[in-house]
Amino acid sequence: MDEERQKPDSSTERSDQKQEVKENENSVPKGTGIVNDEMFLLHKCPFGSEHGKLECPERLNAIQKKLTEYGLLDRCIPVQARLATNEELLICHSQDYIYKIRSTATMSQEQLKEYVDGFDDLECVYIGKNTYECACLSAGSVIDLTTKVVKGELRNGIALVRPPGHHAQESVPNGYCIFNNIALAARHVKQKFNLERILIVDFDVHHGQGLQQMFEDDPSVLYFSIHQYGHETSWPNLIESSCKYIGVGAGEGYNINIPWNEIGLGDAEYLAAFQQVLLPVAYEYNPQLVFVACGVDASIGDPEGFMRVSPACYAHLMSMIMGLADGKVCCALEGGYCLESLSESISMVVRTLLGDLCPQLQPQKQVNKKSFDSILETIANIKPFWKCFQHQDTSKVDVNIAVYTEKDVSVSSGFNEDPIKTLANMMAEIQLTVPKYRTCLVYDDRMRLHHTVFNHPERPERVSWIFEKHEALGLVERCRRLPARYAVHKEIELCHNIDYIETMEQTKSMSFRELAKQQENYDSIYLHPDTYACARLALGGVLTIVDDVLTGKSVNGTAIVRPPGHHAEEKFACGFCIFNTVAVAAKYAKQMYGVKRVLIVDWDIHHGNGTQNMFDKDPSVLYISLHRYDGGAFFPASSRAEPDKVGLDEGAGFNINIAWNWAKMGDAEYLAAFQQIIMPVAYEYAPDLVFVSAGFDAALGDPLGGYLVNPECYGQMTHMLSSLANGHVIVVLEGGYNLSSISKSMAQCTQTLLGDPTPVLTSAKPANMQAVASIHSTIQCHKPYWKCLQFIRPLPVVTKDSQSESGGSGDATAKPSTRASAASSTSVDDLIQSTSEMSISSNSACPDESFHSCSSDIQSPEAVKGRGSGDVFHKTQPTDNVKVSEDAIGAVGGVAQQPGTIGALTDILGENMYAVVPLTWCPHLEGVTTLPEGGLHTDEPCFECGDRKENWVCLHCYMVLCGRYVESHMVKHGVVSGHCLVLSYADLSVWCYECDSYVHNGIIIPMKRAAHISKFGTDIPGGS
């Protein structure tokens, strides 16, 4: 018995750039571990039980054969199987139970049969002479595999073990399971490594009631199961398998069941369950480790599951899971009894763990009605415990009344087919060949030649900084470097008028005076003699990537190019853009390679008006834009960016605008849009090629965008899109004007394309209600065109009786958990109406000379004052040309004081005298950090401009910057960093930017004292 465990190597932290590259390579866990041992074949039934014919040794033989056939086994890192110790088994099982199972190893065949006959046939138990040893091997192997993943020795892994485990209970074998392998491993690593959040995803067709029971009161383990239920008619025939059972005590809300009440379900239903329930909850939970109870008995042809999930679908489910927990995913084999579908499905799981791209699925069909109801009922039961569902309203209808009105989908069709033949046809359509290169990259330093002498945000350093960041991280050498080329007239003419092209060509011989005059004909454009050449080079570089990807040389590509393209129209330049790079590339792919369906996702903060206009009648190109709109006040300030602009004629439904209004948007809002709209629609559309118009001006710190998206979120979005189109994703630089943030953000996209683990998002807050309103508006506009956009609707009511059956705390709708924010009294419909009332009717773009003003927060004082704890903005109606006097603005550029913070003292001090009453507490005090060792220096100049007139010090990072009467650098710092509390070096007051009020609290007294000592040479009177 080998019970030794391997120890991980320690890693060091990054320092300089060379060290950064080295550490980056060493710190990323590499390799997929696999437990695959002949010993597991010894577990078999010695007396002809029907159960033994299903859960048989041939299952592992079939998997091993298929993995070898596909060359997957040799690509994995072997993990030696080992026996679990008695102490390890006691983590989940009773000593008496362990003794009983151990005793079976010495029983005769007659004694074994007598022991097994003591169980009800529905408990599905069989035990052979080697069962105890194999069960110990299964448990110990899953524990060791998990330990290696948690310690960073492996990136992820799968344990091909038997007997399976997820039905096993503390003192009872059940459902072919002896010891609960995943439960044992979860408790082991939780205790050993102090893990606080573990997610278990169980997509075995049978409910893992053993796992549920072991963790039902434990909030450190979130259990999610998607299984056949049939209103208790499906095994294990338990009421506890229903969606009403959500955990007990401290674990309430951490047990999530999606019970299917229909057979014949397939890819569409499983994808919907993940997109609508699992992913929103999982991103909010932010697990440190993910287990997958990897039963594939829902696959087509399985005699136990009666479902129709394709092997390829399991690759997509795994890809979604691998976006969590830094990719730390541990799979353990559970069920699956059709040898052909079992082996193909597990092969797909292993391919995905190894980093291979997901095979393309067929366009997804409409979700079955009963499955639709199951998903909504699950959401209704867990809504009080998860903030991500607060946007879903609860209807006052009986739970049994269907709210799904679309034509239902028949699931009976297809059951007369030969499942093995159908499976073979499915696999024949899948592209399994892997291109030699993962990611190709285009960059050419000549694109820096397009420039202006003025301080313009679209400057040459944008691309050079990004490329240097790629070099520093070692990404360039990992990519296939392609040379850029100049696009020719014929290619540019795919989207642009010949007269316009010739006009641009003439600019290369114009004088600067002539160029200045010519650029006045366009909106937000500057021209240079090298502009035309650079625009051709940018376009040609992207076309080179299209060639490389569509000829099978590379899987995906990154284009570090400029000038950007998505604003450029057919006949004129616009918004820093000359030629519409992505639009031309899409038409080029269609024309040259016969691509039938192209998806363009445009996450630049500005609406890609040019791209939309070029494809608004074309159903072969699906254009989706997430952009800041602010009721039409944000560039390009056109009503064409509204969500009701869905496309024209045959293109109706193929133009999707997700228009953000008024609030600051960040990671949570962008991920919500991806989960609720972009990915469901993309799966229904099933593109052959994906372009990303990758503007990074929504990134935190961008001077034009003003949004809060982090590089990690761009990585997450890239990861999601990479599951489409056989991984053929081409990321093309558009906007983004903070050199640091665009460099980090695009590098993160390239790392994701290369297959590095998707980074964890640090914030688990839900999307703000203004974002929810925008998402709802888009869904309402596109419901007629997309079958997948049916889930945002009133939920069935969860009654007190149904909720209390779970052993929980009673009526969850009457007393929500404190983990979920209280629902706002403002409904989503009210917010949508509010947004429409705030819209500014305008069809013109922002003037060229005022593009900087587009980055400011377009929020009326009334809207900001109405903001509650959930970032809900109440109805406002901004007036044209609103001007707020400086006297009405807060100390660092905030909005007018809230009522109650300034009290009139006319009775004592006269009519023109007022007293400012500071807040005694604000929530942002929690972010104040301790004083630097050297104290404060009130004569320190502004870090940005060097001015000493009116400076403030940030109490979060202690950067000194000037106030609004100088260059407003502290105002900008607050917007970019989210640091709210600042201390004035002029009067030593403390102002909170978010609360729009002065603040005085004991927490900030040490800072005031330090500033007073620096300024006056003495402590504050009474300060000691």
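Residues numbered from 1 in each chain as written. Predicted model: local features only at pLDDT ≥ 70, side-chain atom pairs only at ≥ 80, totals over all residues. Heavy atoms only, no water.

1. Focus: the overall build of the chain
Consideration 1: The helix and strand tally for the chain stands at 32 helices and 23 strands.
Consideration 2: The burial tally for the chain puts 61% of its 1024 residues in the buried class.
Consideration 3: Contacts in the chain between residues far apart in sequence, at least 24 positions, make up 79% of those at least 6 positions apart.
Consideration 4: Carbon and sulfur atoms make up 50% of the accessible area of the chain, which amounts to about 39,000 Å² in all. (Helix = DSSP H or I, 4+ residues; strand = E, 2+ residues; numbered from the N terminus. Buried < 20%, exposed > 50% of the residue type's maximum accessible area, 1.4 Å probe, protein only. Contact = heavy atoms within 4.5 Å. Areas by Shrake-Rupley, 256 points an atom, 1.4 Å probe, with all protein chains shown as cover.)

2. Some points on the packing of aromatic side chains
Ring pairs (aromatic) are described by centroid distance and by the angle formed between their planes.
Consideration 1: Counting across every chain of the model gives 26 aromatic pairs.
Consideration 2: Between the aromatic rings of Tyr500 and Tyr522, the centroid separation amounts to 6.3 Å while the plane-to-plane angle is 80°, which identifies the pairing as edge-to-face. Taken together, the residues Tyr500 in helix H18 (residues 498-506) and Tyr522 in the loop between helix H19 (512-519) and helix H20 (531-550) connect sequence positions 22 residues apart. Residues Tyr500 and Tyr522 agree in their burial class; the two are buried. (Phe/Tyr/Trp six-rings, centres within 6.5 Å; stacked < 30°, edge-to-face > 60°.)

3. Describing the pattern of salt bridges
Consideration 1: Overall, the coordinates contain 32 salt bridges when judged by the stated rule.
Consideration 2: The closest approach of N and O atoms between Glu491 and Arg485, which form a salt bridge, is 2.9 Å.
Consideration 3: When salt bridges with common partners are traced through the structure, they connect Glu55, Arg59 and Arg162 into a single cluster. (Salt bridge = Lys/Arg side-chain N within 4 Å of Asp/Glu carboxyl O.)

4. With respect to the side chain of Asn174
Consideration 1: Note on placement: Asn174 falls in the loop between strand S3 (156-159) and helix H8 (181-193).
Consideration 2: Here the side chain of Asn174 touches Gln209 through a polar contact of 2.7 Å, side chain to side chain.
Consideration 3: Each residue touching Asn174, except ones within four places of it in the same chain, is listed here: Glu123, Cys124, Val125, His167, Ala168, Gln169, Gln209 and Trp235. (Polar contact = N/O pair within 3.5 Å; in protein donor to acceptor, adjacent residues only side chain to side chain.)

5. With respect to the sheet that holds strand S16 (residues 729-733)
Note: strands within a sheet are paired through backbone hydrogen bonds, in either parallel or antiparallel orientation.
Consideration 1: Taken in spatial order, the eight strands of this open sheet run S10-S9-S11-S16-S15-S12-S13-S14, and their pairing is parallel. Looking at the sheet topology across the chains shown, the edges are occupied by strand S10 (480-482) and strand S14 (655-660). Strand-to-strand twist in this sheet, taken as the mean axis angle between neighbours without regard to direction, amounts to 15°.
Consideration 2: Where strand S9 (residues 437-442) and S10 come together, three bridges link them in parallel fashion. Looking across to S10, one finds that Leu441 is bridged to Arg481. (Pairing = 2+ DSSP bridges. Axes fitted to C-alpha atoms, helices over the stretch in contact; angles between N-to-C directions.)

6. So, the pairing of S16
Consideration 1: Taking burial as the measure, the five residues of S16 include five buried ones, the bulk of the element.
Consideration 2: Burial along S16 is two-sided: Val729, Val731 and Leu733 and Ile730 and Val732, pointing in opposite directions, are all buried.
Consideration 3: Sheet topology note: the strand S11 (residues 554-559)/S16 ladder contains three bridges and is parallel. Pairing of Gly557 across the sheet is with Ile730, part of S16.
Consideration 4: As judged from the five bridges shared by strand S15 (residues 689-694) and S16, these two strands associate in the parallel manner. Bridge assignment links Val690 to a residue of S16, and that residue is Val729.
Consideration 5: Considered for its hand, the β-α-β crossover made up of S15, helix H24 (residues 711-721) and S16 is right-handed. (Right-handed = clockwise from strand over helix to strand, strands pointing away.)

7. Thoughts on the confidence of the model for the chain
Consideration 1: Residue-level pLDDT values for the chain average 84, and 82% of them are 70 or greater.
Consideration 2: The low-confidence segment residues 821-826 (pLDDT under 50) makes eight contacts with residues lying over four places distant or belonging to another chain.
Consideration 3: Counting interchain partners and residues more than four positions distant, the pLDDT-below-50 stretch residues 837-915 has 150 contacts. (pLDDT = per-residue confidence, 0-100.)

8. Describing the sheet that holds strand S5 (residues 221-228)
Consideration 1: As summarised here, the arrangement of the eight strands in space is S2-S1-S3-S8-S7-S4-S5-S6, forming an open sheet in which the pairing is parallel. Edge positions in the sheet fall to strand S2 (77-78) and strand S6 (255-260), since each of these pairs with one other strand and no more.
Consideration 2: Where strand S1 (residues 32-35) meets S3, four bridges bridge the pair, whose relative direction is parallel. Each bridged residue has a counterpart across the sheet, and for Ile34 the counterpart in S3 is Ile158.
Consideration 3: Against the sheet, helix H10 (residues 267-285) engages strand S4 (198-202), S5 and S6, with an angle of about 175° to S5.

9. Looking at the pairing of S1
Consideration 1: Burial along S1 is two-sided: Thr32 and Ile34 and Gly33 and Val35, pointing in opposite directions, are all buried.
Consideration 2: Both S1 and S2 contribute to a ladder of two bridges, which runs parallel. Of the residues in S2, the one forming a bridge with Gly33 is Ile77.

10. A few points about the environment of Asn257
Consideration 1: As for its position among the elements, Asn257 is in strand S6.
Consideration 2: Judged by its relative accessible area of 1%, Asn257 falls in the buried class.
Consideration 3: Separated by 34 residues in the primary sequence, Asn257 and Tyr223 place their C-alpha atoms 8.3 Å from one another.
Consideration 4: The contact partners of Asn257, leaving out residues within four places of it in the chain, are His207, Gln212, Tyr223, Ser225, His227, Glu240, Ser241, Ser242, Cys243, Tyr245 and Thr378.
Consideration 5: Within polar-contact distance, the side chain of Asn257 engages the side chain of His207 at 3.3 Å.

11. Thoughts on the nonpolar core
Consideration 1: One finds Phe179, Phe203, Trp386 and Trp603 to be the most contacted residues of the largest nonpolar core, which totals 214 residues.
Consideration 2: It is H10 that provides the largest number of residues to this core, a total of 13 residues.
Consideration 3: Contact partners of Phe203, with chain neighbours within four places excluded, come to Ile226, Tyr270, Phe274, Val292, Ala293, Cys294, Gly295, Val296, Tyr314, Leu317, Met318 and Ile321.
Consideration 4: Core analysis: the second largest hydrophobic core is formed by 50 residues, Met504, Met510, Leu543 and Phe579 among them. (Core = buried A, V, L, I, M, F, W, Y, C linked by side-chain atoms within 4.5 Å.)

12. Focus on the side chain of Glu642
Consideration 1: Locating Glu642 in the fold gives a position in the loop between strand S13 (621-628) and S14.
Consideration 2: In terms of polar contacts, Glu642 uses its side chain to reach the side chain of Tyr629, at 2.9 Å.
Consideration 3: Here Glu642 is in contact with Tyr629 and Asn657, once residues within four sequence places are set aside.

13. Details of the state of the cysteines
Consideration 1: Inspection of the entire model under this criterion finds zero disulfides.
Consideration 2: The structure places no disulfide on Cys713, whose sulfur is separated from the nearest cysteine sulfur, that of Cys749, by 9.7 Å.
Consideration 3: Judged by its relative accessible area of 0%, Cys713 falls in the buried class.
Consideration 4: Distance from the sulfur of Cys954, which forms no disulfide, to the nearest cysteine sulfur (Cys957) is 3.6 Å. (Disulfide = S-S within 2.5 Å.)

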